[in-house]
Amino acid sequence: MKKRIPNRLNKYDYSQPGYYFVTVCVRNKVNYFGEIKNRQMVLNEYGAVAAVYWQKISDYYCSVKLDEWAIMPNHIHGIIVLSGTEHCSVPTTKKSVSLSQIVKSFKDVTVKHIRSEFSDICFAWQRSFYDHIIRDESSLSRMREYIANNPAQWDLDIENTRIVRVKA
């Protein structure tokens with residue numbers, strides 16, 4: 001059994017305010033969310049569900065805002081902005097929400113909806129997710145551009161399972 005390597009930066013507090021680039025992939029990189037046509041993403045009904053719940057992240061967490069994001073055939077890229085303490089319904093209670101909690105909630109709700117709505121017991125997300133802490137305006141600008149251009153670059157994307165790669 002392979003030893004699992006932690007994905008997150010050691011000793012970094014992922015609930016602190018900041019900009020975070022994330023990529024969340026479908027298990028086995030199956031193209032569940034639609035397809036790229038004329039360099040544009042065309043969502044199917046699964047992709048539409050993912051889009052709805054991604055956009056609702058800010059509704060569920062008032063300290064979280066969404067920046068640039070894109071749904072691809074088998075993954076989602078997005079920039080999640082944490083602004084600090086999450087205000088609960090009880091005025092004196094405050095708590096921080098972490099990036100992992102946000103992504104886990106998103107994954108859970110999309111799986112439940114897709115499996116119940118479409119009777120698809122096979123749909124699942126890949127374990128964990130990729131993240132990058134955005135530390136400056138230059139990095140933020142590059143990430144926004146990458147996300148915006150991702151559908152047009154699908155033929156070159158490493159997540160595109162239709163590409164046959166030859167190792168040298």
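Residues numbered from 1 in each chain as written. Predicted model: local features only at pLDDT ≥ 70, side-chain atom pairs only at ≥ 80, totals over all residues. Heavy atoms only, no water.

## Digging into the environment of lysine 104
When you line up the elements, lysine 104 lands in helix H3 (residues 99–118). The exposure class assigned to lysine 104 is exposed, which follows from its relative accessible area of 51%. As a C-alpha pair, lysine 104 and serine 128 span 24 residues in sequence and 8.4 Å in three-dimensional space. Within polar-contact distance, the side chain of lysine 104 engages the side chain of aspartate 108 at 2.7 Å. (Helix = DSSP H or I, 4+ residues; strand = E, 2+ residues; numbered from the N terminus. Buried < 20%, exposed > 50% of the residue type's maximum accessible area, 1.4 Å probe, protein only. Polar contact = N/O pair within 3.5 Å; in protein donor to acceptor, adjacent residues only side chain to side chain.)

## Section: helix H4 (residues 137–149)
Compared with an ideal rise of 1.5 Å per residue, which puts 13 residues at 18 Å, H4 spans 18 Å between its outermost C-alpha atoms and is within 8% of the ideal. With a side-chain oxygen positioned 3.3 Å from the backbone nitrogen of serine 138, the residue opening H4 is aspartate 136. (Expected span 1.5 Å × (residues − 1).)

## Points about the sheet that holds strand S4 (residues 64–71)
An order of S4-S5-S1-S8 is seen for the 4 strands of this open sheet, with the pairing classed as antiparallel. Two strands lie at the open edges of the sheet, namely S4 and strand S8 (130–134), each paired on one side alone. Shown here is a sheet whose adjacent strand axes are inclined to one another by a mean of 20°, direction ignored. Looking at chain direction, strand S1 (residues 18–25) and strand S5 (residues 75–82) are connected through 8 bridges and run antiparallel. Paired with valine 22 across the strands is glycine 78, a residue of S5. Seen against the sheet, helix H1 (residues 45–55) touches S1, S4 and S5 and runs at an angle of roughly 160° to S4. Across the sheet, H4 touches S1, S4, S5 and S8, and the angle it forms with S5 is around 150°. (Pairing = 2+ DSSP bridges. Axes fitted to C-alpha atoms, helices over the stretch in contact; angles between N-to-C directions. Contact = heavy atoms within 4.5 Å.)

## Remarks on the packing of aromatic side chains
Here the structure, examined in full by the defined rule, presents 14 aromatic pairs. Measuring from ring centre to ring centre gives 6.2 Å for phenylalanine 21 and tyrosine 146, while their planes differ by 75°; the resulting arrangement is edge-to-face. With phenylalanine 21 in strand S1 and tyrosine 146 in helix H4, this residue pair connects regions lying 125 residues apart in the sequence. On the basis of an interplanar angle of 10° and a centroid distance of 5.3 Å, the ring pair of tyrosine 32 and tyrosine 46 is categorised as stacked. Of this pair, tyrosine 32 sits in the loop between S1 and strand S2 (34–37) while tyrosine 46 sits in helix H1, and the two are 14 residues apart along the sequence. (Phe/Tyr/Trp six-rings, centres within 6.5 Å; stacked < 30°, edge-to-face > 60°.)

## Comments concerning the nonpolar core
With 35 residues, the main nonpolar core has Phe33, Phe123 and Trp125 as its most contacted residues. For tryptophan 125, the contacting residues outside a window of four places in its chain are Val24, Cys25, Val26, Arg27, Phe33, Ile76, Phe106, Lys107, Thr110 and Val111. Listed in part, the 8 residues of the second largest apolar core include Ala70, Ile79, Met143 and Ile147. (Core = buried A, V, L, I, M, F, W, Y, C linked by side-chain atoms within 4.5 Å.)

## Details of the pattern of salt bridges
Under the criterion given, the structure shown has 3 salt bridges. For aspartate 67, the salt bridge goes to arginine 144, with nearest N and O atoms at 2.7 Å. Placement of the pair is aspartate 67 in strand S4 and arginine 144 in helix H4, with a sequence separation of 77 residues. Lysine 104 is paired through a salt bridge with aspartate 108; the nearest N and O atoms lie 2.7 Å apart. Here aspartate 108 and lysine 104 lie together in helix H3, a separation of 4 residues that amounts to about one turn. (Salt bridge = Lys/Arg side-chain N within 4 Å of Asp/Glu carboxyl O.)

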